[in-house]
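# Coordinates in review
Letter by letter, the chains look like this.
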Amino acid sequence: MVRVVDLSSPPDAGPASPPGVILAHGSAADIARAESWLGSATFTLSQEPSADRRVVTVASVCEALDELTARCERWPHASGVCDDVLRSVDPAGPTLAGVLTESLAYSTLQAGPEFGRWLARRGPARMPHIGDPVVAQRDGDTLWIAFNRPGRHNAFSTDARAALLEALTVAQLDPSVSEVVLSGNGPSFCSGGDLAEFGTFADPAAAHLARTRHSPALALDALTARLGASCRARVHGRVMGSGLEMAAFCGWVEARPDAVFGLPELELGLVPGAGGTVSVTRRIGRWRTAYLVLSGRTVDAETALAWGLVDAVAQ
């Protein structure tokens, strides 16, 4: 169920519990008078620029509301679970708790009808074998790690996850590593999970255990806690789904001007599953994170910089 709130005359009744998806909208003056709804809403839309990270500026509020409502009605389970997770995760709290909450929700949706419909539409798929999906090289005190499936825009796969985790574990165990740089070979940094591999999990519980016991997100978070801005991501091209989620854990993210950012999981009947409800939310707040998921829209490098999704845009 989607609730639309016009901030020019917001209803007296506050949000239900649990609230579900609430799309608020209004002018800058309306927004200034409706502080309580800004926090309660899933996010707020306005046609006027706003630095408030609870607000998303769009060209047409009416068109955006129509599109968002249609998407939420098409994927009601994933939309509702996305809202629940983002409201439940404390971005300032322990990373592990957030990753566990996200993964349990993701596994729930993997067993649901919306993901099942996507799998049926996709049909059988063959996962190509690509050697060395991640390459790592030590140069002095710096460990350079690069996704290495350029022909698939570095789509993230199980073997890529294992190789990435192995490289990150080396950095975690070796105190002489004082800098980690994560990048991608070819036209993109990482286009998200490899769709050919989706649906191959044995069962949702096993998938949850695999995600959380072998998590590059947790390793990146630990390295950032130790190294700060010296745990860096250099991103370009497609920075989508799990690619964005992992990059956002780094202490410093630098984007090339051609970078495009998005969280497209809703169209699979899923939510982010590589830690993005923690990492992306820490950078841009739960409201704009929800907008990226529910709208399926992408943002360019300049918008990502203005939102705080990245720390710099290379010239």
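To be clear, the structure that these remarks concern was listed above.
Heads up: these notes are all about the structure in this document. Since the structure is predicted, the reported quantities are computational estimates derived from the model, not experimental observations. Along every chain, residues carry numbers that run from 1 in the direction the sequence is written. Under the rules for a predicted model, residues below a pLDDT of 70 receive no local features and side-chain atom pairs below 80 are neither given nor counted, while totals for whole chains, interfaces and linings still include all residues. As a rule here, side-chain values come from all non-hydrogen atoms in the structure, and water together with hydrogens is ignored.

This brings us to the packing of aromatic side chains. Aromatic rings in a pair are described by how distant their centres are and how their planes are angled relative to each other. Under the pairing criterion, centres of Phe, Tyr and Trp rings, with the six-membered ring standing for Trp, must be within 6.5 Å; the plane angle then separates stacked pairs below 30 degrees from edge-to-face pairs above 60, leaving the rest tilted. In the structure shown here, the tally under the stated rule is 5 aromatic pairs. For the pair Phe43 and Tyr291, a centre-to-centre distance of 5.5 Å together with 90 degrees between the ring planes defines the contact as edge-to-face. Remark: Tyr291 occurs in helix α11 (residues 276–295) and Phe43 occurs in strand β3 (residues 43–46); sequence separation between them is 248 residues. Judged by its relative accessible area of 0%, Phe43 falls in the buried class. With a centroid separation of 6.0 Å and an interplanar angle of 65 degrees, the aromatic rings of Trp118 and Phe198 are classed as edge-to-face. Note that Trp118 is positioned in helix α6 (residues 113–122) and Phe198 in the loop between β7 (179–184) and α8 (204–213), a separation of 80 residues in sequence. Neither Trp118 nor Phe198 differs from the other in exposure class; each is buried. Ring pairing ties together the aromatic residues Phe115, Trp118 and Phe198, which thus form one cluster. Helix and strand definitions follow DSSP, with helices as H or I runs of at least four residues and strands as E runs of at least two, each counted in order from the N terminus. Whether a residue is buried, partly exposed or exposed follows from its accessible area with a 1.4 Å probe, protein chains only, as a fraction of its type maximum: under 20%, in between, or over 50%, in that order.

Here Asp141 shows up in the loop between β5 (134–139) and β6 (142–147). Under the relative-accessibility criterion, Asp141 is labelled partly exposed at 43%. Between the C-alpha atom of Asp141 and that of Glu254, which follows or precedes it by 113 residues, the distance is 20 Å. Apart from the residues within four sequence positions on either side, Asp141 is in contact with Ser176, Val177, Ser178 and Glu179. We call two residues in contact whenever any of their non-hydrogen atoms come within 4.5 Å of each other.

As a further point, take the layout of surface pockets. Counted as a void, the largest pocket has a volume near 1000 Å³. Only protein atoms enter the 1 Å grid, on which a cavity is a set of points fitting a 1.4 Å probe that cannot get out and a pocket is an open set with protein on both sides within 12 Å along at least 5 of 7 lines, lining residues being those with an atom within 4 Å of a point. The wall of the largest pocket is formed by 45 residues, among which Tyr106, Phe156, Gly193, Asp194 and Phe198 lie closest to the centre. Looking at the lining of the largest pocket, the elements that each hand over two or more residues are α5 (95–110), α7 (158–173), α8, α9 (216–227), β9 (238–240) and α10 (242–247). At 5 residues, the largest contribution of residues to the lining of the largest pocket is made by α5. Within the lining of the largest pocket, the residues separate by chemical class into 20 nonpolar, 15 polar and 10 charged. Grid points are joined across faces, edges and corners, and a volume is the space filled by probe spheres set on the points. Of the volumes computed, that of the second largest pocket is approximately 340 Å³. Put simply, the parts of the chain that give the lining of the second largest pocket at least two residues each are β4 (55–57), α3 (61–74), α11 and α12 (301–307). Here the element with the most residues in the lining of the second largest pocket is α3; it accounts for 4 residues. Of the residues in the lining of the second largest pocket, the class split is 11 nonpolar, 6 polar and 4 charged. Residue polarity is assigned by list, with Asp, Glu, Lys and Arg as charged and Ala, Val, Leu, Ile, Met, Phe, Trp, Tyr, Cys and Pro as nonpolar; anything else, Gly included, falls into the polar class.

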